[in-house]
Amino acid sequence: MSDRDGLIWLDGELVPWRDAKTHVLTHTLHYGMGVFEGVRAYKTDQGTAIFRLQEHTDRLFNSAKILRMNIPYSKAQLNEAQRAAVRENKLDSAYIRPMCFYGSEGMGLRADNLEVHAMVAAWTWGAYLGAENMEKGIRIKTSSYTRHHVNITMCKAKANGNYMNSMLALREALEDGYDEALLLDAEGYVAEGSGENFFLVKDGVIYTPDLTSALDGITRKTLMYLANELGIEIREKRITRDEVYIADEAFFSGTAAEVTPIRELDRRPIGAGARGPVTEKLQSLYFDIVHGRVEKYRHWLTYV
Ligand code: PMP
């Protein structure tokens, strides 16, 4: 990942990809106290555009606020950095990774003289859970790892350290032959995937867990808005794993995962064991919107 041509925005400048380095005593590397985003840009007829850029940047600043990290750039500067990372690498479509992290001015939990650094990288990244699975759907497993508790980690923050839990769950699911994990919250209710929000469809109604311990996903928010626009009822509620077993459809949402159908949980096929009609409708509308094919939602796009 680090040995390639290209440019990375680091602390206000575009630097050659291979030179975008940091010291081994980088504080965030030791304790995971940092914040990041995952953003996507898509090719449209009017040029490459970033989907819901402002919402991602707002969430980055909210994550930093929760961690009491002062980002030394404005939102406008980080928006421009994200556009530049796509534009200057001449990418038609891209996954964009902004991150803010503490420097190496001190070590230990008490260090209070730390500088905050910011970086933005962008590269081409196809369907996160596999192109063929966007139609076929994925097989998932209830994780043996519990999702974060609201008073142990800060669930509203997209914080680096939070992802140790995600990686443990995902690794377990992959090693057991599944495509992704479904994590339950500390009370045993469905929370989310390792990097996706969760939805199920039952009798024409869409249900999604409330945001107690799940990340406030921008794709989730988008799909909830679109479901309303399409006249499909959508409700936030506590969901149990056996409700998922007997659902008609299920899917994950996320910037990387986009809208990924789920065809099986814990060896129980969900519905017909394939992408369902409600999932397909939302998925195809989502792809039309991000590719700039729907006039009404062009205000969600920022051209690079
Ligand atoms: N939950 C987790 C844990 C995630 O990492 C992500 C990806 N950012 C999501 C949900 C989906 O969020 P979004 O739609 O904003 O990408």
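Residues numbered from 1 in each chain as written. Predicted model: local features only at pLDDT ≥ 70, side-chain atom pairs only at ≥ 80, totals over all residues.

- The name recorded for the protein chain in an unreviewed UniProt entry is Branched-chain-amino-acid aminotransferase, from Thiothrix nivea.
- Under the heading Function (unreviewed entry), UniProt records this for the protein chain: "Acts on leucine, isoleucine and valine." (UniProt positions renumbered as here; feature names shortened; annotations may be inferred.)

Things to note about the site of the ligand
Here comes step 1: The environment of the ligand is formed by 15 residues, the closest being Leu-215, Gly-217, Ile-218, Thr-219 and Thr-255.
Here comes step 2: Of all elements in the fold, only helix 6 (218-229) and strand 14 (249-254) reach the threshold of two or more residues within the shell around the ligand.
Here comes step 3: At 3 residues, the largest contribution of residues to the shell around the ligand is made by helix 6.
Here comes step 4: Taken together, the residues of the shell around the ligand break down into 3 nonpolar, 9 polar and 3 charged. (Near = placed C-beta within 6 Å. Helix = DSSP H or I, 4+ residues; strand = E, 2+ residues; numbered from the N terminus. Nonpolar A, V, L, I, M, F, W, Y, C, P; charged D, E, K, R; others polar.)

Things to note about the confidence of the model for the protein chain
Here comes step 1: In the predicted model, the protein chain carries a mean pLDDT of 97, and 100% of its residues have values of at least 70.
Here comes step 2: For this predicted complex, the interface confidence reaches an ipTM of 0.99, while the overall pTM sits at 0.98. (pLDDT = per-residue confidence, 0-100.)

Considerations on the packing of helix 6 against helix 8 (residues 277-290)
Describing two packed helices takes the angle between their axes plus the distance from one axis to the other.
Here comes step 1: Running from N to C, helix 6 and helix 8 cross one another at 110°; their axes reach a closest spacing of 11 Å. With respect to their mutual orientation, helix 6 and helix 8 come out roughly perpendicular. At the point where helix 6 passes helix 8, the crossing takes the right-handed sense. On helix 8, the residues touching Leu-223, Leu-226 and Ala-227 of helix 6 are Leu-282, Leu-285 and Tyr-286.
Here comes step 2: Looking at the contact of helix 6 with helix 8 residue by residue, the class counts come to 6 nonpolar, no polar and no charged. (Axes fitted to C-alpha atoms, helices over the stretch in contact; angles between N-to-C directions. Parallel < 35°, antiparallel > 145°, perpendicular 65-115°, else oblique. Left-handed = near helix turned anticlockwise from the far one by under 90°. Contact = placed C-beta atoms within 7 Å.)

Re the domain arrangement of the protein chain
Here comes step 1: For the protein chain, the domain assignment lists domain 1 (7-123) and domain 2 (133-290).
Here comes step 2: On a C-alpha basis, the centroid separation for the pair domain 1 and domain 2 is 26 Å.
Here comes step 3: Opposite the 22 residues of domain 1 that make contact, domain 2 presents 13 residues.
Here comes step 4: Contributions of two or more residues to the side of domain 1 that touches domain 2 are made by helix 1 (27-31), strand 3 (34-36), strand 4 (39-44) and helix 2 (53-67).
Here comes step 5: Here the side of domain 1 that touches domain 2 gets 7 residues from one element, more than from any other, and that element is helix 2.
Here comes step 6: A class-by-class count of the residues in the side of domain 1 that touches domain 2 yields 10 nonpolar, 7 polar and 5 charged. (Domains from an automatic or database assignment.)

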